[in-house]
Amino acid sequence: MPTTTSKTTGAASYFRKGLRDGAPFVLVVGPFAVLFGVLATEAGLNVLEILAFSVVVIAGAAQFTALQLMTENAPTVVVLASALAVNLRMAMYSASLTPWLGAAPLWQRALIAYFTLDQSYACAIGRYEAEPHMSLRERIGYFAGAVLPVVPTWYGCTVAGALLGSRIPESMALDFALPITFLALVAPMLRTPAHMIAAFVSIVVSLLAAGVPWSLGLIIAAVCGMMAGARAELWFVAKRPAP
Amino acid sequence: MIDKSTLWIVIIGLGLGSYLLRFTFIGLVGDRPMPAWLLRHLRYTAVAVLPALVAPQVVWPQATGGEPDIARMAAAVVTLAVGYRTGNVFAGLFAGAATLTVMLSLAG
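Predicted model only: the values in this text are computed from it and were never measured. (Residues numbered from 1 in each chain as written. Chains lettered and ligands numbered in written order. Predicted model: local features only at pLDDT ≥ 70, side-chain atom pairs only at ≥ 80, totals over all residues.)

Regarding the overall build of chain B
- Tallying secondary structure elements over chain B gives five helices and zero strands in all.
- Its helices and strands taken in sequence order, chain B reads α-α-α-α-α from the N to the C terminus.
- Over its C-alpha atoms chain B spans a radius of gyration of 19 Å, topping by over 25% the 13 Å that the globule rule assigns to 108 residues.
- Dimensions of chain B, computed from the C-alpha atoms along their principal axes, are close to 55 × 40 × 20 Å.
- Considering chain B as a whole, with its 108 residues, one finds that 44% of them fall into the buried category.
- Contacts in chain B between residues at least 24 apart in sequence constitute 29% of all its contacts with a sequence separation of at least 6. (Helix = DSSP H or I, 4+ residues; strand = E, 2+ residues; numbered from the N terminus. Rg over C-alpha atoms; globule rule 2.2 N^0.38 Å. Buried ≥ 20, exposed ≤ 12 C-beta atoms within 10 Å, placed from the backbone. Contact = placed C-beta atoms within 7 Å.)

Digging into the packing of helix H6 (residues 88-101) of chain A against helix H8 (residues 118-130) of chain A
All names here are of chain A.
- Across the interface, H6 lies against H8 with an axial gap of 11 Å and an inter-helix angle of 35°. Helix-helix and strand crossings are classified by hand; for H6 and H8 the assignment is left-handed. Contacts from Tyr-93, Ser-96, Leu-97 and Trp-100 of H6 reach H8 at Tyr-121, Ala-124, Ile-125 and Tyr-128.
- The class makeup of the residues in the contact of H6 with H8 is seven nonpolar, one polar and no charged. (Axes fitted to C-alpha atoms, helices over the stretch in contact; angles between N-to-C directions. Left-handed = near helix turned anticlockwise from the far one by under 90°. Nonpolar A, V, L, I, M, F, W, Y, C, P; charged D, E, K, R; others polar.)

Here we look at the packing of helix H4 (residues 60-71) of chain A against helix H5 (residues 76-86) of chain A
Residue and element names in this part refer to chain A.
- Interaxial distance between H4 and H5 falls to 8 Å at its minimum, and their mutual angle equals 155°. As summarised for this structure, H4 and H5 are arranged roughly antiparallel, according to the angle between their axes. Viewed along their axes, H4 and H5 form a crossing whose handedness is right-handed. Counted together, Ala-61, Ala-62, Thr-65, Ala-66, Leu-69 and Met-70 of H4 and Val-78, Val-79, Ser-82, Ala-83 and Val-86 of H5 form the full contact between these two elements.
- Of the residues in the contact of H4 with H5, the class split is nine nonpolar, two polar and no charged. (Parallel < 35°, antiparallel > 145°, perpendicular 65-115°, else oblique.)

With respect to the nonpolar core
- Ranked by internal contacts, the top residues of the largest apolar core, which has 119 residues, are Val-186 and Ala-198 of chain A together with Val-47, Val-49 and Leu-50 of chain B.
- Beyond its immediate sequence surroundings of up to four residues, Leu-50 of chain B is in contact with Ala-61, Phe-182, Leu-185 and Val-186 of chain A. (Core = buried A, V, L, I, M, F, W, Y, C linked by C-beta atoms within 7 Å.)

Next comes the structure, spelled out in structure tokens:
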């Protein structure tokens, strides 16, 4: 791909735009990270282990899932499979970014892969689709800017939660903080009827499969939900009158 | 209590696995096109996985010994409704937490 406007000034200006767009996510990521630190402390992890968890894995929902299954003494392979199932959406983000960033050098793509998060992905894809004529350098600059406020917040607030952990009173019903966090994450994603059908099918199947040991019902329900969503999408597209 | 060797196996295994999920497409596929059916299924990953993770805990919470609990169900419904209406993760989180706190204090 020819990069006609690959001047540093363009990339720098898009880096600043990325910073501006990424900054508000600090408000979501901060409390979420504190919560992980608190719950991990309650599960018996020390500060170093908690920080390592956040730096090595850098994926909130998957970390919560792994933590919860480990406290339930699920087999290690089930912990890994379930948490990776939660993180499958990262493969989708990666796939979706590929047409925009696939031409970058390998070392940059390797870094982008590590920093592919819900927030950085959402920022970047929105901007790339709105301004399809951005140069590759501008896209990279924008991505770097969008991710910069979020990542130190994730690391730092995880540690803050770990240090605060023992001082959070029992009466705060932290057992339910996790379900609320996941519901809050998923609610804004229910954009189309197909997304709603996928969610509905996954809820019904997860309740029916609740007796399946070690949360394997999760994977069954997730696959059913994805198939229902894909089927529904085909159906809605077929029903729409041709342009 | 979580066994320490299990913990480190999970941290490293989950880190490697998550990185591979993030790297495979952008790193290895590059500019080559992907089959439409695969992308179509991947689009529904998040909305299929996260609700399945939560639903059993909403209906049969561990904290009540598996007894359905009106405060937790109300908090779940409010979180979903506010998150859906506002499109804002933080608004849903806050509304759900507030609902749970108020309902539990009324019950207690």
